[in-house]
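Here's the letter readout for the chains.
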Amino acid sequence: ETGVTQSPTHLIKTRGQQVTLRCSSQSGHNTVSWYQQALGQGPQFIFQYYREEENGRGNFPPRFSGLQFPNYSSELNVNALELDDSALYLCASSFPGQGAQGYTFGSGTRLTVV
Amino acid sequence: QKEVEQNSGPLSVPEGAIASLNCTYSDRGSQSFFWYRQYSGKSPELIMSIYSNGDKEDGRFTAQLNKASQYVSLLIRDSQPSDSATYLCAVNLNAGFQKLVFGTGTRLLVSP
């Protein structure tokens, strides 16, 4: 097991709704990154949090937002869901600089927007 | 031009053969290179990392890096049906924070 846990595993939402996805970091990891993987595509970087601050963001609109808590767990929030938001959402935790060694991803949350 | 490019496949090889997976990247400043394996419906699993030119071997897997040609490859020797999966190439760009850029993946099918 990776030590990074995500919840829920599957989720179905209606267009226009809001969703919150959760990630529990591996013990001691203070950096968490979120990725979106659409069907047939590679994961795309959404953003990264370090010590509760966003310190990098990919090409995603502001309706994608996040939080990191003092225990380093994290949330990804998506407002005004669109059909194209249907994807596998992955989080990965790491130490600063460890990301250069490659992430270990959680098992992911499969979001379906109908 | 995409930042990381892979042939989507499928690449079909018989059991016991060598599977060769290729990846090119556009940013010459890229520092770290990774291969992930992803089974259908599962999250990507890191199988190899490589940082300097040349070959790196780990069991049946060999990663090859050529920074001058901006090319990364993965060789799988003695391919097994259990190796059938999508293989994702990822590059850590030379950014101020850790960010992996992935290719779209190559689907590998190993037939018994």
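All of these numbers come straight from a predicted model, not from anything done at the bench.

Trainee: Would you explain the packing of aromatic side chains in this entry?
Mentor: Two aromatic rings, taken as a pair, are described by how far apart their centres are and by the angle between their planes. All told, the structure shown has 10 aromatic pairs over all chains when counted by the stated rule. When the centroid spacing of 5.9 Å and the interplanar angle of 85° are considered together, the rings of Y35(A) and F102(B) count as edge-to-face. Note that Y35(A) is positioned in strand 4 (residues 31–37) and F102(B) in strand 10 (residues 100–102), a pairing that runs across two chains. Since its relative accessible area comes to 0%, Y35(A) is described here as buried. We classify F102(B) as buried; its relative accessible area is 9%.

Trainee: What is the right way to look at the side chain of T31(A) in this model?
Mentor: All names here are of chain A. With respect to the secondary-structure elements, T31 resides in strand 4. The buried category is assigned to T31, whose relative accessible area is 2%. A distance of 3.3 Å separates the side chain of T31 from the side chain of N30, its partner in a polar contact.

Trainee: Sorry if this is basic, but what is going on with the pattern of salt bridges here?
Mentor: Pairs may arise between side chains of opposite charge once their charged atoms sit close together. The final tally for this structure, using the stated rule, is 7 salt bridges over all chains. As a salt-bridge pair, D83(B) and R60(B) come within 2.9 Å of each other at their nearest N and O atoms. Note that D83(B) is positioned in the loop between strand 8 (71–76) and strand 9 (85–92) and R60(B) in the loop between strand 6 (54–58) and strand 7 (61–66), a separation of 23 residues in sequence. Owing to a relative accessible area of 1%, D83(B) belongs among the buried residues under this scheme. Counted as one network, the salt bridges with shared partners bring together R63(A), E82(A) and D85(A).

Trainee: Help me understand the state of the cysteines, please; the structure alone is not making it clear to me.
Mentor: Chemically, a disulfide is nothing more than a covalent bond linking the sulfur atoms of two cysteines. The tally for this structure, following the rule as stated, stands at 2 disulfides over all chains. The disulfide that involves C23(A) links it to C91(A), with 1.9 Å between the sulfurs. Taking the sign of the S-S torsion, 75° for the link of C23(A) and C91(A), the bridge is right-handed. Of the two residues, C23(A) is situated in strand 3 (residues 19–24) and C91(A) in strand 9 (residues 87–94); the sequence distance between them amounts to 68 residues. Of the residues examined, C91(A) reaches a relative accessible area of 0% and is grouped as buried. Disulfide pairing is shown between C23(B) and C89(B); the S-S distance is 2.1 Å. The chirality of the disulfide connecting C23(B) with C89(B) is left-handed, given an S-S dihedral of about -70°. Here C23(B) is found in strand 3 (residues 19–25), whereas its partner C89(B) is found in strand 9, with 66 residues between them in sequence. For the residue pair C23(B) and C89(B), the accessibility class agrees, reading buried in each case.

The rules we used
Residues numbered from 1 in each chain as written. Chains lettered and ligands numbered in written order. Predicted model: local features only at pLDDT ≥ 70, side-chain atom pairs only at ≥ 80, totals over all residues. Heavy atoms only, no water. Phe/Tyr/Trp six-rings, centres within 6.5 Å; stacked < 30°, edge-to-face > 60°. Helix = DSSP H or I, 4+ residues; strand = E, 2+ residues; numbered from the N terminus. Buried < 20%, exposed > 50% of the residue type's maximum accessible area, 1.4 Å probe, protein only. Polar contact = N/O pair within 3.5 Å; in protein donor to acceptor, adjacent residues only side chain to side chain. Salt bridge = Lys/Arg side-chain N within 4 Å of Asp/Glu carboxyl O. Disulfide = S-S within 2.5 Å.

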